[in-house]
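Structural characterization, general
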Amino acid sequence: TSGNTVNPRHILVVLHGSGDNANGIKPLADIFARDYPDLLVLVPNGPVNLASLFPKEQLDAAKAANPQFDPEKARNWFGAANVTPGMSDDEKTDAILAPIEKGVAQMNTFIDGQLKKYGLDDKSLAIYGFSAGGVMALEAAVQRANPCAGVVSQSGYFIGVPNPDAVSKQNILMMSGDQEMANQQIKEIYTGSAQALRDMGESVTELTLQNTSHQID
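Here is what the cut-offs are and how they apply
- Residues numbered from 1 in each chain as written.
- Predicted model: local features only at pLDDT ≥ 70, side-chain atom pairs only at ≥ 80, totals over all residues.
- Heavy atoms only, no water.
- Helix = DSSP H or I, 4+ residues; strand = E, 2+ residues; numbered from the N terminus.
- Rg over C-alpha atoms; globule rule 2.2 N^0.38 Å.
- Buried < 20%, exposed > 50% of the residue type's maximum accessible area, 1.4 Å probe, protein only.
- Core = buried A, V, L, I, M, F, W, Y, C linked by side-chain atoms within 4.5 Å.
- Contact = heavy atoms within 4.5 Å.
- Pairing = 2+ DSSP bridges.
- Patch = residues over 30% accessible without salt bridge, like charges linked within 9 Å, V, L, I, M, F, W, Y side chains within 5 Å.
- Areas by Shrake-Rupley, 256 points an atom, 1.4 Å probe, with all protein chains shown as cover.
- Salt bridge = Lys/Arg side-chain N within 4 Å of Asp/Glu carboxyl O.
- Lys, Arg positive; Asp, Glu negative; His and termini not counted.
- Charge placed at Lys NZ, Arg CZ, Asp CG, Glu CD.

**Looking at the overall build of the protein**
The secondary structure content of the protein amounts to six helices and eight strands. Here the C-alpha atoms of the protein give a radius of gyration of 17 Å, agreeing with the 17 Å that 2.2 N^0.38 yields for 217 residues. In terms of overall dimensions, the protein has a C-alpha envelope of 50 × 45 × 35 Å along the principal axes. Per-residue burial for the protein yields a buried fraction of 41% across its 217 residues.

Next up, the structure:
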């Protein structure tokens, strides 16, 4: 949590990227808390330890390249997919989506608990996520029963966990850096995500940040 709001009128959930943690993105949350005194800013930690997702050799190489990287403190929102040889295409898809569905359910349970605690509803809720946090922001928002005040995904994309019962139509801002969009593959992922959300009936605005790469600036 960031700020000292006791009786908030609004809640903002700020979600870090993969390999980061709540402390890493808290300076951004502190800015929102400072500028909006009736806003409660929640900064949860990803539930999955990144060290559980990658081989030790890979983690050691990452630490050698960046001595400040601590795999024991690095967090992620989604666990590993249990894909095994011999699976059909449908079984592989289900296996890939399973940890995402679990993470999204955990996130929305957390959000619902906070809204109930302060007597608020989704009209008072905004969700911001960077990178993998942006993925979580999009996936969690479209699974909610009611529209939020706003959803912002910076350098995130939409995987598309199916939910035929989802009825909320979210107002979504998808931001990306111009240096990211210079990569055609990344551009197609971002623009394809935006279109997929529109096809579901979501309202999506795309914004390209100038002189920006995959970073919070």
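From this point, the discussion proceeds with the structure in view.
**Quick word on the nonpolar core**
Residues Ile11, Val13, Leu15, Leu125, Ile127, Met136 and Leu197 are the most contacted members of the largest nonpolar core, which totals 33 residues. When residues of this core are traced back to their parent elements, those giving at least two are strand E1 (10-15), strand E2 (39-42), helix H3 (89-117), strand E5 (125-130), helix H4 (132-142), strand E7 (171-177) and helix H6 (184-199). Here the element with the most residues in this core is H4; it accounts for eight residues. For valine 13, the residues in contact, after removing those within four places along its chain, are Leu42, Pro44, Ile111, Leu125, Ala126, Ile127 and Tyr128. Membership of the second largest hydrophobic core comes to twelve residues, among which are Leu12, Val14, Ala33 and Leu39.

**Observations regarding the pairing of E7**
The buried count for E7 comes to five of seven residues, which makes it a mostly enclosed element. Bridging between strand E6 (residues 150-154) and E7 involves four bridges; their strand directions are parallel. Paired with serine 153 across the strands is methionine 174, a residue of E7. For E7 and strand E8 (residues 203-209), the ladder comprises seven bridges, and the chain directions are parallel.

**Things to note about a negative patch on the surface**
Together, Asp89, Asp90, Glu91, Asp94 and Glu101 make up a region of like negative charge exposed at the surface. Turning to its location among the elements, glutamate 101 is positioned in helix H3. The class of glutamate 101 is partly exposed, set by a relative accessible area of 37%.

**What about the pattern of salt bridges?**
Considering all chains together, one arrives at eight salt bridges under this definition. For the salt bridge of arginine 144 with aspartate 122, the shortest nitrogen-to-oxygen distance reads 2.5 Å. Placement of the pair is arginine 144 in the loop between H4 and E6 and aspartate 122 in the loop between H3 and E5, with a sequence separation of 22 residues. Pair check on accessibility: arginine 144 and aspartate 122 agree, each one buried. When salt bridges that share partners are traced, they join Asp112, Asp122 and Arg144 into one network.

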